[in-house]
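Breakdown of the fold
As a plain string of letters, each chain reads:
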Amino acid sequence: MGTFHDDMGELHGITVVVSQHDGCTWIGRCHSEDDVEVILHDADQHDPAKSDENAEQWLQRARRFGHWPRVSTIRIPRPGVSSLVRLAQISAG
Amino acid sequence: MPYPDELVDPMRRELSDNGVTELKSATEVDEFLSPDGGSAFVIINSVCGCAAGGARPGALLALQSEVTPDRIGTVFAGQDTEATERARERCSQVPPSSPSMALFQGGEMVWFLPRHMIEGRDPQTIALDIVNAFEEHCAPADA
């Protein structure tokens, strides 16, 4: 079951996890995704070089309680994306 | 900027017409979540059709279960801003999201259902999560 905006793709309005080849991870509400980019609203980023916790710990906290909307909109170039999944699909650790 | 009342009213009434108490000020939220008030369930309602369209019927389905909290209330994000802000303060370290739901015991949050666990899911699935929380946190000790 997606959202009520069927013309925007099945992930429109859904909170997703975007993992990147450089090790950074984003969580945000997906606006759209295609071969060029993934656009997220109300997003937060985990950068292993800047965080005391690892990506798995960060994801588990977000899976349980949600994420902080620190960035209004972020456009992530698709070639740098290694995976795109719903946050709700992240397994409990 | 709040949405027009004529747009929001049906979304309010979907809950209030089914026994859910509307909380419209910080004082009302504080009284509702008083430490001696037993268990309390708060629905953070929202206009968002992507998720709230499943949240409201999911919550109402859950309220038909055998075990329910002592109090059922709601604040409307983006509309009743003072009440919503206070309800979120009472959820302490939980990031703000709407729609979302929280269960309290003695004024302390014991369970939270964030938006991402609501969006794109059908009301029955959402209700199951809520009922599980009711049974874990609200069942009589001798049950």
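Calculation criteria
- Residue numbers restart at each chain and count upward from 1, following the sequence in its written direction.
- All chains are assigned letters beginning at A, and all ligands numbers beginning at 1, according to the order in which they are written.
- Reporting of local features is limited, given that this is a predicted model, to residues whose pLDDT is at least 70; pairs of side-chain atoms are given and counted only at 80 or more, and all residues count toward the totals for whole chains, interfaces and linings.
- Each side-chain value is derived from all of the structure's non-hydrogen atoms; neither hydrogens nor water enter the calculation.
- Note on pairing: DSSP must find at least two bridges between two strands before they are called paired.
- Strands are runs of DSSP state E lasting at least 2 residues, helices are runs of H or I lasting at least 4, and numbering of each runs from the N terminus.
- Here the axes come from fitting lines to C-alpha atoms, over the contacting stretch only for helices, and the angles between their N-to-C directions go from 0 to 180 degrees.
- Side-chain rings of Phe, Tyr and Trp, where Trp is taken by its six-membered ring, are said to pair if the distance between their centres is within 6.5 Å; with planes under 30 degrees apart they count as stacked, over 60 as edge-to-face, and otherwise as tilted.
- Buried residues are those whose accessible area, probed at 1.4 Å on protein chains only, stays under 20% of the maximum for their type, while exposed residues exceed 50% and partly exposed ones sit between those limits.
- Sitting over a ring, as applied to charges here, requires NZ of Lys or CZ of Arg to be within 6 Å of the ring centre and within 35 degrees of the ring normal.
- What we call a nonpolar core is a set of buried Ala, Val, Leu, Ile, Met, Phe, Trp, Tyr and Cys residues that are connected through their side-chain atoms within 4.5 Å.
- Confidence per residue, as judged by the predictor, is encoded in pLDDT with a range of 0 to 100.
- Throughout, the arc means that of the directions going from the helix axis to the C-beta atoms.
- Residues are treated as being in contact if the distance between any of their heavy atoms lies within 4.5 Å.
- Oblique is the label for any angle not covered by the other classes, which are roughly parallel (under 35 degrees), roughly antiparallel (over 145) and roughly perpendicular (65 to 115).
- By convention the crossing between two helices is left-handed if the near helix lies anticlockwise of the far one by an angle smaller than a right angle, and right-handed if it lies clockwise.
- Only Asp, Glu, Lys and Arg are considered charged in this grouping, and only Ala, Val, Leu, Ile, Met, Phe, Trp, Tyr, Cys and Pro are considered nonpolar; every other residue, Gly among them, is considered polar.
- A pair is scored as a salt bridge if a Lys or Arg side-chain nitrogen falls within 4 Å of a carboxyl oxygen belonging to Asp or Glu.
- Here's the idea: put two parts together, see how much 1.4 Å probe accessible area each one loses, and the total over both is what we call buried area.
- Throughout this description, a polar contact denotes any pair of N or O atoms lying within 3.5 Å of each other; where both atoms belong to protein, one of them has to be capable of donating a hydrogen while the other can accept it, and for residues adjacent in sequence the pair is counted only when both atoms sit in side chains.

What follows deals with the sheet that holds strand β2 (residues 25-33) of chain A. Residue and element names in this part refer to chain A. Reading across from one edge, β4-β3-β2-β1-β5 is the order of the 5 strands in this open sheet, with antiparallel pairing throughout. Bordering the open sheet on either side are β4 (71-77) and β5 (81-86), each of which pairs with just one other strand. Taking each pair of neighbouring strands and ignoring which way they run, the sheet shows an average axis angle of 40°. As paired elements, strand β1 (residues 15-20) and β2 share 5 bridges and run antiparallel to each other. Pairing of V16 across the sheet is with G28, part of β2.

As a further point, take the packing of aromatic side chains. The geometry of an aromatic ring pair comes down to the distance between the two centres and the angle between the two planes. Residues and elements named next belong to chain B. Tallying each qualifying case throughout the model produces 1 aromatic pair over all chains. Ring geometry for F41 versus F134: centroids 5.0 Å apart, planes at 90°, classification edge-to-face. Here F41 is found in strand β2 (residues 39-45), whereas its partner F134 is found in helix α5 (residues 123-138), with 93 residues between them in sequence. F41 sits in the buried class, given a relative accessible area of 0%. When the ring centre of F32 is taken as reference, the NZ or CZ atom of R71 above it lies at 6.0 Å.

This part takes up the nonpolar core. All names here are of chain B. Membership of the largest hydrophobic core comes to 24 residues, with the highest contact counts inside it found for F41, M101, W111, L113, I130 and F134. Of all the elements in the fold, those that place two or more residues in this core are β2, α3 (52-62), β4 (100-105), β5 (108-113) and α5. Membership of the second largest hydrophobic core comes to 16 residues, among which are V29, A83, V94 and F104.

This paragraph deals with the confidence of the model for chain B. Residue and element names in this part refer to chain B. Across chain B, the average pLDDT comes to 93, with 97% of residues at 70 or higher. Put simply, α3 is where chain B has its lowest mean pLDDT, 92, and strand β1 (residues 21-22) is where it has its highest, 98. As a predicted assembly, this complex carries a pTM of 0.88 together with an ipTM value of 0.82.

Residue and element names in this part refer to chain B. Along helix α4 (residues 81-90), the positions that sit buried rather than exposed are A83, T84 and A87. One face of α4 carries all of its buried residues, which in axial projection span an arc of 100°. Looking at the buried side of α4, the elements it contacts are α2 (26-32), β2 and β3 (71-76). Backbone geometry just downstream of α4 places S92 in the positive-phi region, at approximately 45°.

All names here are of chain B. Relative orientation of the contacting elements α3 and α5 amounts to 45°, with a least axis distance of 8 Å. The orientation of α3 with respect to α5, classified from their angle, is oblique. Pair α3 / α5 crosses with right-handed handedness. Of α5, the residues touching α3 (which contributes G54, A55, P57, G58, A59, L61 and A62) are P123, Q124, I126, A127, I130, V131 and F134. Split by residue class, the contact of α3 with α5 holds 11 nonpolar, 3 polar and no charged.

With that out of the way, let us pick up the pattern of salt bridges. Tallied over the entire structure, the rule returns 14 salt bridges over all chains. Close ionic contact of R75 of chain A with E37 of chain A constitutes a salt bridge, the shortest N to O distance being 2.9 Å. Taken together, the residues span a long stretch of sequence, with R75 of chain A in strand β4 and E37 of chain A in strand β3 (residues 37-46) at a distance of 38 residues. On the accessibility criterion, R75 of chain A (53% relative accessible area) is exposed. What makes E37 of chain A buried here is its relative accessible area of 18%. When salt bridges with common partners are traced through the structure, they connect D30, R86, E89 and R90 of chain B into a single cluster.

Counting residues at the interface gives 20 residues for chain A and 17 residues for chain B. Summing the contributions of chain A and of chain B, the shared interface buries around 1,400 Å²; its carbon and sulfur component is 66%. Connecting chain A to chain B are 0 salt bridges. Summed over the shared surface of chain A and chain B, the number is 3 residue pairs in polar contact (both at pLDDT 80 or more). In terms of residue count, helix α1 (residues 55-65) of chain A provides more of the side of chain A that touches chain B than any other element does, 4 residues in total. Residues that form the side of chain A that touches chain B fall into these classes: 9 nonpolar, 7 polar and 4 charged.

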